[in-house]
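Single-letter residue listing:
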Amino acid sequence: MQKRNRTVAVIGAGDFIGGEIAKKFASEGFTIFAGRRNGDKLAPLVKEIEAAGGEIHARSLDARKEEEITAFLNDADKHAPLEVCIFNIGANVNFPILETTERVFRKVWEMACYSGFLAGREAARLMMPRGEGNIFFTGATASLRGGSGYAAFASAKFGLRAVAQAMARELGPKNIHVAHLIIDSGVDTEWVRQRRIEALGPNALDNPDLLMPPASVAGAYWQLYQQPKSAWTFELEIRPFGEKW
């Protein structure tokens, strides 16, 4: 492993996508700063990365709180220059419109849109003086299409996409790569598996090619990071070859 004097911040370092992103960049020599709501749940990720010879700093993080995001990213940047910030908070919920309470709508927006704005802005504040950096956002099918029962989730993801697009147009000329990754697929997690069985029956998991492995998402982020600035992608859609779209 080639050690790099750079950090990668993963905001929303959950057990699946976020954890795989952290492991991928750690395996490439970056120091990882990983944050999620309950930092205690990061212990297995810390153990795995350190066992492989990587370096990770993990903590509890409420990404909806400006002061916590600012402190988290500042600490990452003080350790070593912040090279990549990846915002990976989901907030995927499904409620019929008449059951979508004001609280649900607002909380989903706070998690999936507002906190993304905070993360992107504070990462940019650290990267702009150096004139380089990468800020990536995790999107979903709902970033482009409001499905039945997804008024709260889709509006937040639409909003996050708009934040990312505005940032990309502003920061790209300043040598900061802003990208939005649309995952147009169910990701292979226990939660998604159970939901598919409930919706489609006991044979819903017979075709393994319809769920995306979290490591594939991490690989897509690594590809975005490696792009030369002469050929940057703003928006990348990924889906398994068996997915209908």
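Here the structure is a predicted model, which means the values were calculated and not measured.

Rules used throughout
- Residues numbered from 1 in each chain as written.
- Predicted model: local features only at pLDDT ≥ 70, side-chain atom pairs only at ≥ 80, totals over all residues.
- Heavy atoms only, no water.
- Helix = DSSP H or I, 4+ residues; strand = E, 2+ residues; numbered from the N terminus.
- Polar contact = N/O pair within 3.5 Å; in protein donor to acceptor, adjacent residues only side chain to side chain.
- Core = buried A, V, L, I, M, F, W, Y, C linked by side-chain atoms within 4.5 Å.
- Buried < 20%, exposed > 50% of the residue type's maximum accessible area, 1.4 Å probe, protein only.
- Axes fitted to C-alpha atoms, helices over the stretch in contact; angles between N-to-C directions.
- Parallel < 35°, antiparallel > 145°, perpendicular 65-115°, else oblique.
- Left-handed = near helix turned anticlockwise from the far one by under 90°.
- Contact = heavy atoms within 4.5 Å.

(A) How the structure looks around the side chain of T138. Its location among the elements puts T138 in strand β5 (residues 133-140). A polar contact is formed between the side chain of T138 and the side chain of N88, at a distance of 2.9 Å. Only 2.5 Å separates the side chain of T138 from the side chain of Y221, close enough to count as a polar contact.

(B) Representation of the nonpolar core in the model. Core analysis: the largest hydrophobic core is formed by 32 residues, its most contacted members being I21, F25, I32, F136, V217 and Y221. Of all the elements in the fold, those that place two or more residues in this core are β1 (7-11), α1 (17-27), β2 (31-36), α2 (43-51), β4 (82-87), β6 (176-183) and α7 (214-226). The element contributing the most residues to this core is α7, with 7 residues. In this structure, A63, I69, F72 and C85 belong to the second largest nonpolar core, which totals 29 residues.

(C) Spatial organisation of the packing of α1 against α2. Put simply, α1 and α2 touch, their axes get as near as 10 Å, and they point 20 degrees apart. The orientation of α1 relative to α2 falls into the category roughly parallel. Read as a crossing pair, α1 and α2 show a hand that is right-handed. Residue-level inspection shows G19, A22, K23 and A26 of α1 in contact with α2, the latter providing L45, E48 and I49.

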